[in-house]
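If you want the building blocks of each chain, they are given just below.
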Protein chains: 2
Amino acid sequence: MSSETNHKAITKTVVTPAQLLDHWQGHRRLTRKTIEAFPEEKLLNHSIGGMRPFAIMIQELLAIAGPGIEGLVTDKWQDYNEDLNLNSKKDLLKAWDTLTDKINNYWSKIPLEDFQKEILAFGLYEGTVQSTILYFIDNEIHHRGQAYVYLRSLGIEPPMFWDKN
Amino acid sequence: MSSETNHKAITKTVVTPAQLLDHWQGHRRLTRKTIEAFPEEKLLNHSIGGMRPFAIMIQELLAIAGPGIEGLVTDKWQDYNEDLNLNSKKDLLKAWDTLTDKINNYWSKIPLEDFQKEILAFGLYEGTVQSTILYFIDNEIHHRGQAYVYLRSLGIEPPMFWDKN
């Protein structure tokens, strides 16, 4: 699709569902690179100021987005459970990639009119479908930013922040 | 406005301009609290792994969002310049608050159809108005997440991540 056609097709809206999905998956691609940048032992154990190692933060992100995207589509919410027992870099990346496909599949089942629907995420958190998705993305950016400090403290160069390919 | 009325008024769109503005300003309120949580000397000088002190990151955020919102509305872009010479917590907070009003004022001048307009931010960065605004927000969340690690490393509790009031 040419840029001109694309532009014509999506005028008069802030952001389309496809753009928001690509925004999210772009961030998830960058987070995946950030996981890869850690030596496994540091991924599982490195900490600053009593904070959680990045491997534990990643399990939080998986525990939010996995049941999260399912809940947003089906309105059936599991209890929040971040105890995923993923104890290696390989298993974390595998779970990350499985969730990539799950998000894409569920996303196609969200009708445009549902983004403003009021929900109670995980049975606890008031919002709309759109505000909840933005929260999931923001929380991921927040923890990945923390992982950048972990990497720098280890003398490791993090991935470029703008590289979401 | 009742929740029902509000819901009816904004069906069939992912996010409205007013919602995106509130999303941005909510993050800016949280970042303001994060600036406030630092003792001044640590705000100006504390660093981990050779990274910039948070006061310098804040000047980056100001240098992006200030000329940024103006450029998005006027399509006139200044050269990017983050050398703002703000050397105290008081001056940083004052500049932060001035920009809050500036963003609100310029925001009202963005017509709905402009969010998908293709632009070259700061004369350099390809995108649309919406993708550029999302980048500004993401970059702020990223650096604020880093500031949370700085605070924890100093034994200081950061503001609650979800408290954007």
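Residues numbered from 1 in each chain as written. Chains lettered and ligands numbered in written order. Predicted model: local features only at pLDDT ≥ 70, side-chain atom pairs only at ≥ 80, totals over all residues. Heavy atoms only, no water.

### A closer look at the environment of Pro53 of chain A
All names here are of chain A. In this structure, Pro53 sits in the loop between helix H3 (40–45) and helix H4 (54–74). Note on Pro53: relative accessible area 17%, which makes it buried. Along the primary structure Pro53 and Ala147 are separated by 94 residues, whereas in three dimensions their C-alpha atoms are 8.5 Å apart. (Helix = DSSP H or I, 4+ residues; strand = E, 2+ residues; numbered from the N terminus. Buried < 20%, exposed > 50% of the residue type's maximum accessible area, 1.4 Å probe, protein only.)

### Comments concerning the pattern of salt bridges
A complete count under the given rule lists 20 salt bridges over all chains for this structure. Between Lys102 of chain A and Glu70 of chain A there is a salt bridge, with its nearest N and O atoms 2.8 Å apart. On the criterion of sequence distance, the pair formed by Lys102 of chain A in helix H5 (residues 89–107) and Glu70 of chain A in helix H4 is long-range, its members being 32 residues apart. Owing to a relative accessible area of 27%, Lys102 of chain A belongs among the partly exposed residues under this scheme. A relative accessible area of 24% places Glu70 of chain A in the partly exposed class. Linking Lys42 of chain B and Glu41 of chain B is a salt bridge whose minimum nitrogen-to-oxygen distance equals 3.8 Å. One continuous salt-bridge network, built from bridges that share partners, spans Arg32, Glu36 and Asp97 of chain A. (Salt bridge = Lys/Arg side-chain N within 4 Å of Asp/Glu carboxyl O.)

### Notes on the relation of the copies chain A and chain B
Of the transformation superimposing chain A on chain B, the axial component is 0.0 Å and the angular component is 180°, with the fit at an RMSD of 0.0 Å. Considering both components of the superposition, the chain copies are consistent with a two-fold axis. By residue overlap, the copies meet face to face through one surface: 100% of the interface positions of chain A are interface positions in chain B. (Least-squares fit on C-alpha atoms with pLDDT ≥ 70 in both. Contact = heavy atoms within 4.5 Å.)

### Digging into the packing of aromatic side chains
With the rule as written, the count across this model stands at 14 aromatic pairs over all chains. Ring plane angle 65° and centroid distance 6.2 Å describe the contact between Trp24 of chain B and Trp107 of chain B, whose orientation is recorded as edge-to-face. Remark: Trp107 of chain B occurs in helix H5 (residues 89–107) and Trp24 of chain B occurs in helix H2 (residues 17–37); sequence separation between them is 83 residues. The pair formed by Trp24 of chain B and Trp107 of chain B is uniform in burial state, with each residue classed as buried. Consider the rings of Trp77 of chain B and Phe122 of chain B, whose centres lie 5.1 Å apart with planes at 55°: the pair is tilted. You can see Trp77 of chain B sitting in the loop between helix H4 (54–74) and H5 and its partner Phe122 of chain B sitting in the loop between strand S1 (118–121) and strand S2 (125–128), a full 45 residues away along the chain. Side by side, Trp77 of chain B and Phe122 of chain B carry an identical accessibility label, which is buried. Three or more aromatic residues joined by ring pairs form one cluster here, namely Trp24, Trp107, Phe115 and Phe136 of chain A. Over the face of the ring belonging to Tyr106 of chain A we find Lys109 of chain A, whose NZ or CZ atom lies 5.5 Å from the ring centre. Above the plane of the ring of Trp96 of chain B lies Arg28 of chain B, whose end atom (NZ or CZ) is 4.4 Å from the centre. (Phe/Tyr/Trp six-rings, centres within 6.5 Å; stacked < 30°, edge-to-face > 60°. Lys NZ or Arg CZ within 6 Å of the ring centre and 35° of its normal.)

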